[in-house]
Amino acid sequence: SQTIHQWPATLVQPVGSPLSLECTVEGTSNPNLYWYRQAAGRGLQLLFYSVGIGQISSEVPQNLSASRPQDRQFILSSKKLLLSDSGFYLCACGLTDTQYFGPGTRLTVL
Amino acid sequence: KQEVTQIPAALSVPEGENLVLNCSFTDSAIYNLQWFRQDPGKGLTSLLLIQSSQREQTSGRLNASLDKSSGRSTLYIAASQPGDSATYLCAVMGGGSQGNLIFGKGTKLSVKP
């Protein structure tokens, strides 16, 4: 069965600093990969998804970008963080009819 | 655009009660509907998945129903326990190869001993 790793688990960053969150998947190949953000008082918002290496689709315009350099690696980045980027970031792996979620990264931008 | 709504936003019940969580969606053209559980500060765990052609699914004390034509689903939890305390999320999957999920904001359940 698949396992999803995310790091770091928590992160506190100043406004204007860069960001790199990493997600790796074990136990499957060529999965669909997703980045979600969960902000306080809001639902889970899909940010990016990828159906293959180098293929990224963005769901909302924002300060963030995503890359998929390897089949089972998905990276979320920003050049300059905003206060509004604070939240809980979840990576997910899609297989057939469902998605499996990683443990998440709690990002606080001060 | 698909929208998913969950009612109530929060629910507190004494241990042992049976309870129902509600989910509604605006576009009935779904591929499937899923219920997830999220513990504080954790990722999501899939509880039940109902295909669009199915009416319900059961797992232990959990039963989920789907009425696609009316855009509704319910999650029934029997004999609730303190360990059931968590946020429950409903999500629908539309068609297309990307398999995107649209989530509701969740129902935060607290079961008091």
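Let me begin by describing the structure that accompanies this report. (Residues numbered from 1 in each chain as written. Chains lettered and ligands numbered in written order. Predicted model: local features only at pLDDT ≥ 70, side-chain atom pairs only at ≥ 80, totals over all residues. Heavy atoms only, no water.)

## Quick look at the nonpolar core
Generally speaking, nonpolar side chains in soluble globular proteins are found buried as a group.
Okay, so step 1: If you look at the biggest cluster of nonpolar residues, it comprises 22 residues, and the most contacted ones within it are Phe25, Leu33, Trp35, Leu75, Ile77, Tyr88 and Leu109 of chain B.
Okay, so step 2: Of all the secondary structure elements, the ones that give two or more residues to this core are strand 3 (19–25), strand 4 (32–38), strand 5 (44–51), strand 7 (62–67), strand 8 (72–77), strand 9 (86–93) and strand 11 (107–112) of chain B.
Okay, so step 3: In this structure Ile77 of chain B touches Glu17, Asn18, Leu19, Arg61, Leu62, Asp84, Tyr88 and Leu109 of chain B, once residues within four positions along its chain are discounted.
Okay, so step 4: Leu21, Cys23, Leu95 and Val109 of chain A belong to the second largest nonpolar core, which has 21 residues in total. (Core = buried A, V, L, I, M, F, W, Y, C linked by side-chain atoms within 4.5 Å. Buried < 20%, exposed > 50% of the residue type's maximum accessible area, 1.4 Å probe, protein only. Helix = DSSP H or I, 4+ residues; strand = E, 2+ residues; numbered from the N terminus. Contact = heavy atoms within 4.5 Å.)

## Some thoughts on the interface of chain B and chain A
Okay, so step 1: Taken together, the contact between chain B and chain A spans 22 residues of the former and 21 residues of the latter.
Okay, so step 2: Regarding the contact of chain B and chain A, the summed buried area is about 1,500 Å², with carbon and sulfur atoms giving 50% of it.
Okay, so step 3: Where chain B meets chain A, there are zero salt bridges.
Okay, so step 4: Our count for the chain B to chain A interface comes out at six residue pairs in polar contact (both at pLDDT 80 or more).
Okay, so step 5: Going through the elements one at a time, strand 4, strand 5, strand 9 and strand 10 (101–103) of chain B are the ones with two or more residues in the side of chain B that touches chain A.
Okay, so step 6: In the side of chain B that touches chain A, the residues fall into eight nonpolar, 12 polar and two charged. (Buried area = accessible area lost by both parts, 1.4 Å probe. Salt bridge = Lys/Arg side-chain N within 4 Å of Asp/Glu carboxyl O. Polar contact = N/O pair within 3.5 Å; in protein donor to acceptor, adjacent residues only side chain to side chain. Nonpolar A, V, L, I, M, F, W, Y, C, P; charged D, E, K, R; others polar.)

## What to know about the pattern of salt bridges
All names here are of chain A.
Okay, so step 1: The final tally for this structure, using the stated rule, is four salt bridges over all chains.
Okay, so step 2: The residue Arg37 makes a salt bridge to Asp85 at a minimum N-O spacing of 3.6 Å. Taken together, the positions of Arg37 in strand 4 (residues 32–38) and Asp85 in the loop between strand 8 (73–78) and strand 9 (87–95) put the pair 48 residues apart, joining distant regions of the chain. Across this residue pair, the class does not change: Arg37 and Asp85 are buried.
Okay, so step 3: Of the charged contacts, one joins Arg68 and Asp71 as a salt bridge, the two residues approaching to 3.2 Å between their closest N and O atoms.
Okay, so step 4: Judged by its relative accessible area of 3%, Arg68 is buried.

## So, the environment of Ser57 of chain A
All names here are of chain A.
Okay, so step 1: For Ser57, the position within the fold is in strand 6 (residues 55–58).
Okay, so step 2: For Ser57, a relative accessible area of 29% corresponds to the partly exposed category.
Okay, so step 3: Distance from Ser57 to Asp85, taken between C-alpha atoms, is 19 Å for residues 28 residues apart in sequence.
Okay, so step 4: Filtering out sequence-adjacent residues up to four positions away, Ser57 remains in contact with Leu47, Phe48 and Tyr49.

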